[in-house]
Amino acid sequence: MKTVLITGSSRGIGRETAIYFAQQGWNVIIHGFRHPEKLESLKNEILEENVSCLSFCGDISDPSFVDEMIKQSLLTFSKIDCLVNNAGISLVGLFTDATVDDWNLMINTNLTSVFTTCKNIVPHMLHHHEGKIINISSVSGILGNVGQANYAASKAGVIGLTKTMARELGSRGITVNAIAPGFVDTEMTEVLSEEIRENACKQIILGRFGKPEDIANTAVFLASDKADYITGQVISVDGGMNV
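Now for a look at the structure at hand. Predicted model, so just to flag it, every value in this text is computed and none were measured.

1. Some thoughts on the packing of aromatic side chains
Scanning the entire structure with this criterion turns up two aromatic pairs. Between F21 and W26, the aromatic rings sit 5.0 Å apart at their centres with planes inclined by 80°, giving edge-to-face as the arrangement. On the accessibility criterion, W26 (9% relative accessible area) is buried. Taking the centre distance of 5.1 Å and the plane angle of 25° together, the rings of F183 and F209 count as stacked. Taken together, the residues span a long stretch of sequence, with F183 in the loop between β6 (174–181) and α7 (187–190) and F209 in the loop between α8 (194–202) and α9 (212–223) at a distance of 26 residues. Residues F183 and F209 agree in their burial class; the two are buried.

In structure tokens, the structure reads:
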């Protein structure tokens, strides 16, 4: 039975992805930060699929927490077959209003955490000569977006890291890909006004926001044997926004 570690899985895209992996028979390691009660609820739901589940609550931007999370995971599961770097935050505001603290928070949470988590788990995958890494980027990391300078920069960094890791690790049996969601109906987008939602939909060929399961389905596919010949790619799941 294979095992997947999904960061930022207490809600939204991460939560749906964890459930989809469990439904496919994977053991699941889940992670969250400020919502331990949601993690516990998700863990109970995953266990109903007759698979094993570990949960960790902590700051993904803290390297010592990441190190301990992976160490404990490997004590329980002899192998982690797939890593999904999903944890992230979004701060909306014009570039001219952004502060250095805002920048550092965004980069540490959305980009440095991906680097740190991969640094901890790649040696394990190298030992087994196989593994799948899936990094969640964003359409904003490809196109940029007004009011999201910090966020777009962090997600563009995820894409650059993904492509470089794919080149370095491919010969060792490890694939590294990114998923770039567009606007998805989650708690992160619930705060958007109706006007902003309408304007966003005008940019989307399919004329609507995506669903968390759209991203989850893509992640499960990339983690499967059917995607063994795919690496270094950025899969846009955005309803045609990036065309």
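2. Side note on the pairing of β6
Most of β6 sits inside the fold, with eight of its eight residues counted as buried. Side chains I174, V176, A178 and A180 of β6 all project onto a buried face; the interleaved residues T175, N177, I179 and P181 project onto the opposite face, where all are buried too. Across six bridges, strand β5 (residues 131–136) lies against β6 in parallel orientation. Bridge pairing links N135 to A178 in β6. Bridging between β6 and strand β7 (residues 234–237) involves four bridges; their strand directions are parallel. Each bridged residue has a counterpart across the sheet, and for I179 the counterpart in β7 is I235.

3. Concerning the packing of helix α1 (residues 12–23) against helix α2 (residues 36–47)
For the pair α1 and α2, the least separation of the axes is 9 Å and the interaxial angle reads 20°. One finds that α1 runs roughly parallel with respect to α2. Note on packing geometry: the crossing formed by α1 with α2 is right-handed. Contacts from R15, A18, I19 and A22 of α1 reach α2 at S41, L42, E45 and I46.

4. Notes on helix α6 (residues 149–169)
Helix length check: α6, at 21 residues, gives a terminal C-alpha distance of 30 Å against a target of 30 Å (1.5 Å per residue), a fit within 8%. On its buried side, α6 packs onto α4 (100–128), β5, α5 (140–143), β6 and β7.

5. What about the environment of I46?
Within the secondary structure, I46 sits in helix α2. Excluding anything up to four places from it in sequence, I46 contacts A18, A22, V28, I30, V51 and C53.

6. A few points about unusual backbone geometry
Backbone geometry at N50 places phi at a positive 60°, although glycine is not the residue there. With a phi angle near 60°, H129 is a residue other than glycine that sits in the positive phi range. Mapped onto the elements, H129 comes out in the loop between α4 and β5. Judged by relative accessible area, H129 falls into the exposed class, the value being 52%.

7. Some details on the sheet that holds strand β4 (residues 82–85)
In spatial order, the strands read β3-β2-β1-β4-β5-β6-β7; together these seven strands make up an open sheet with parallel pairing. The open sheet terminates on both sides in strands that have one partner only, identified here as β3 (53–57) and β7. The sheet shows a mean angle of 15° between the axes of neighbouring strands, taken without regard to direction.

8. Things to note about the pattern of salt bridges
In total, this model carries six salt bridges according to the counting rule given. Note that K79 and D81 form a salt bridge whose closest N and O atoms lie 3.3 Å from each other. Taken individually, K79 and D81 each receive the classification buried, so the pair is uniform in this respect.

Calculation rules
- Residues numbered from 1 in each chain as written.
- Predicted model: local features only at pLDDT ≥ 70, side-chain atom pairs only at ≥ 80, totals over all residues.
- Heavy atoms only, no water.
- Phe/Tyr/Trp six-rings, centres within 6.5 Å; stacked < 30°, edge-to-face > 60°.
- Buried < 20%, exposed > 50% of the residue type's maximum accessible area, 1.4 Å probe, protein only.
- Helix = DSSP H or I, 4+ residues; strand = E, 2+ residues; numbered from the N terminus.
- Pairing = 2+ DSSP bridges.
- Axes fitted to C-alpha atoms, helices over the stretch in contact; angles between N-to-C directions.
- Parallel < 35°, antiparallel > 145°, perpendicular 65-115°, else oblique.
- Left-handed = near helix turned anticlockwise from the far one by under 90°.
- Contact = heavy atoms within 4.5 Å.
- Expected span 1.5 Å × (residues − 1).
- Salt bridge = Lys/Arg side-chain N within 4 Å of Asp/Glu carboxyl O.

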